[in-house]
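# What the coordinates show
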Amino acid sequence: KSSKREWKPLEDHSCTDVPWLLLFILFCVGMGFICGFSIATGAAARLLSGYDSYGNICGQKNVKVEGIVNSGLDLTQKKYVFFLDPCNIDLVHQKIKSIALCVSACPRKELKTLADIQKFAETNGSTLCSYELQPSEYTTDPRAAKLCPKYPVPESAPIPFFHRCAPVNISCYAKFAEALITFVSDSSVLHRLISGVMTSKEIIMGLCLLSLVLSMILMVIIRYISRVLVWILTILVILGSLGGTGVLWWLYAKQRISAGALESQIAKDNLQALLIYAIAATVFTVIMFLIVLIMRKRVALTIALFHVAGKVFIHLPLLVFQPFWTFFVLILFWTYWITVLLFLGTTGSPVPNEEGFVEFRMTGPLKYMWWYHVVGLIWISEFILACQQMTVAGAVVTYYFTREKRNLPFTPILASVNRLVCYHLGTVAKGSFIITLVKIPRMILMYIHTQLKGKENACARCMLKACICCLWCLEKCLTYLNQNAYTATAINSTNFCTSAKDAFVILVENALRVAAINTVGDFMLFLGKVLIVCSTGLAGVMLLNYQRDYTVWVLPLIIVCLFAFLVAHCFLSIYEMVVDVLFLCFAIDTKYNDGSPGREFYMDKVLMEFVENSRKSMKEAGRGGGAESRELKPM
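Described in the following lines is the structure provided in the data block. These numbers were taken from a predicted model, which means no experiment stands behind them.

Attention shifts here to the layout of surface pockets. The computed volume of the second largest pocket comes to approximately 1,300 Å³. Along its surface, the second largest pocket is lined by 38 residues, and L385, Q388, Q389, H569 and S573 are the ones closest to its centre. Of all elements in the fold, only α12 (322-345), α13 (369-400), α14 (412-451), α15 (458-492), α17 (511-544) and α18 (554-592) reach the threshold of two or more residues within the lining of the second largest pocket. Broken down by class, the residue content of the lining of the second largest pocket amounts to 19 nonpolar, 12 polar and 7 charged.

Right, dumping it as structure tokens:
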């Protein structure tokens, strides 16, 4: 029935999926309850002001904890947390395995002996040994070996807003990070990698900024030269790949010739890294060239699609800034979520542990608040991303189904946001919850696979990976269907299930067209991402080449390329979203309109030509199969 009923784009607006909106609001209230509970139980004070190993909060008067000595102290003058052995990190429980004390000042210079610690206490009034020792007993009492900090005491400074004394030189933390990297056999490798990142931090920041600028330039090019963009991208990617590969082999040959004069390990590491990069670039270039060769006939068809999408960005320039707003809102929510997570880490009742110190633990049903908080992270994050999809869909639908573009709203983006807030938040909440239901089992299976790594047999490992892969595929399919459901909701103002069913019917009826657009269009957008990554990576190679004698550039180059891909993906994903929305609007338009009076088409002629040419191309490739013949409907 839904496939036969008339669609009435933008004519009716009604609230959709209101029960799901109420459920989402109740869930958010629960998230707020967790935050309020953690603050009310003193977790915020313990997190911000810090607390010692005896349950005392620094900078205030405290209540006595039964069975714990040195608890209930007045520490009004001692506002900073100091760890006797700050580099003793427990990697399993992710915490510093050391006695913590409240002190009045952090040691601003290295203290090498107990006499220096005693002098520091007498000069600054900050006692770095346990509370039961007086400064005069530091050098005479035999208990000082256990109750005083491990020396030499590193120079430290208070962390802003969190009142913890942290070592200025973080090299001791880097040593423990080596245990997390199983493939490093020589401990000096990690130190060289870290030093390479620190030495090249200005170059890394500059290259990250370059990737952002290149992404914005690419969006501008898409708007104004969409007709020739496809061929420009194809040629630039081929030339860039060939040029980058040639430069890598040239640098490798140049350093290989002077290998006899290379004595430092850093230079040898760079030579090996260059060889790996050159081989990988060669393989990538060959594969890319073959793909372009195979798809050369379909590349020309994409020009029309990019032309129509370029028109959308000309009329809706604010679409370019959607990734910024979404990223900004996500950062705000993630900051809140991490803050509450830290609150939960210090929430609970004081309980003595086996070492005689105090730990804060939650008991009863409250200990399951962690799971609620984790589900909230996934659901609300997906909700924010779904709001972006609905906003973009609503704006593009308004553009497509407005016959006279002069009659478009002043800001279609803000009009779409207004419709989203007034009518469709429930639909967005339901769609994001469905994605959450798939993500949670996949994350649980991934966690189990990580914990059982090396312990399970081959059959169990294969089954786990198969389940994870199936859930990942299901998540991608549901995400694509959700996006089209949001478009159907923006068009006809129907609830999520009805919209998803209508969109699914339309997509199935146009399966070949969907395949053509998704293969050709997505491939060209992928080439745009490759262009930005290759350009940024090539600039990084040329800049880091000047530091090859004293900097390992493996990690800096990987960081820069990953950031460039992330930025390019954020920008071009909006373009991909616009293309998908345009196609669904076109499919609905051709299904329910035939060009006769009263049923005129809404679509741009160029878009119709593109889809029809795509259908003809795929029909020739399939040599006139039955599925193609069913696509031939009179319009």
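From this point, things continue past the structure.
Overall, the coordinates contain 13 aromatic pairs when judged by the stated rule. With a centroid separation of 4.9 Å and an interplanar angle of 55 degrees, the aromatic rings of F27 and W379 are classed as tilted. Remark: W379 occurs in helix α13 and F27 occurs in helix α1 (residues 18-40); sequence separation between them is 352 residues. W379 shares its class with F27; the two are buried. Arranged with centres 5.5 Å apart and planes meeting at 80 degrees, the rings of F324 and F571 form a pair that is edge-to-face. Residue F324 is found in helix α12, and its partner F571 is found in helix α18; the two are separated by 247 residues along the sequence. We classify F324 as partly exposed; its relative accessible area is 34%. Among the aromatic residues, those joined into a ring-pair cluster are W20, F24, F27, Y372, W379, F383 and F433.

Let us now look at the packing of α13 against α15. Put simply, α13 and α15 touch, their axes get as near as 9 Å, and they point 45 degrees apart. In terms of axis orientation, α13 runs oblique to α15. Handedness of the α13/α15 crossing: right-handed. Contacts between α13 and α15 involve A386, Q389, M390, A393, G394 and V397 from the former and T479, Q483, Y486, T487, T489, A490 and I491 from the latter. Partitioning the contact of α13 with α15 into residue classes produces 7 nonpolar, 6 polar and no charged.

What follows deals with the nonpolar core. Judged by nonpolar contacts, the single largest core of 77 residues is most densely connected at V312, F313, L319, V396, Y575, V578 and L582. Broken down by element, the residue count for this core peaks at 18 residues, all from α18. Among the nonpolar cores identified, the runner-up in size contains 33 residues, and V81, I99, C129 and A144 belong to it.

The rules behind the values
Residues numbered from 1 in each chain as written. Predicted model: local features only at pLDDT ≥ 70, side-chain atom pairs only at ≥ 80, totals over all residues. Heavy atoms only, no water. 1 Å grid on protein atoms, 1.4 Å probe; cavity = no way out; pocket = protein on both sides within 12 Å on 5 of 7 lines; lining within 4 Å. Points joined across faces, edges and corners; volume = space filled by probe spheres on them. Helix = DSSP H or I, 4+ residues; strand = E, 2+ residues; numbered from the N terminus. Nonpolar A, V, L, I, M, F, W, Y, C, P; charged D, E, K, R; others polar. Phe/Tyr/Trp six-rings, centres within 6.5 Å; stacked < 30°, edge-to-face > 60°. Buried < 20%, exposed > 50% of the residue type's maximum accessible area, 1.4 Å probe, protein only. Axes fitted to C-alpha atoms, helices over the stretch in contact; angles between N-to-C directions. Parallel < 35°, antiparallel > 145°, perpendicular 65-115°, else oblique. Left-handed = near helix turned anticlockwise from the far one by under 90°. Contact = heavy atoms within 4.5 Å. Core = buried A, V, L, I, M, F, W, Y, C linked by side-chain atoms within 4.5 Å.

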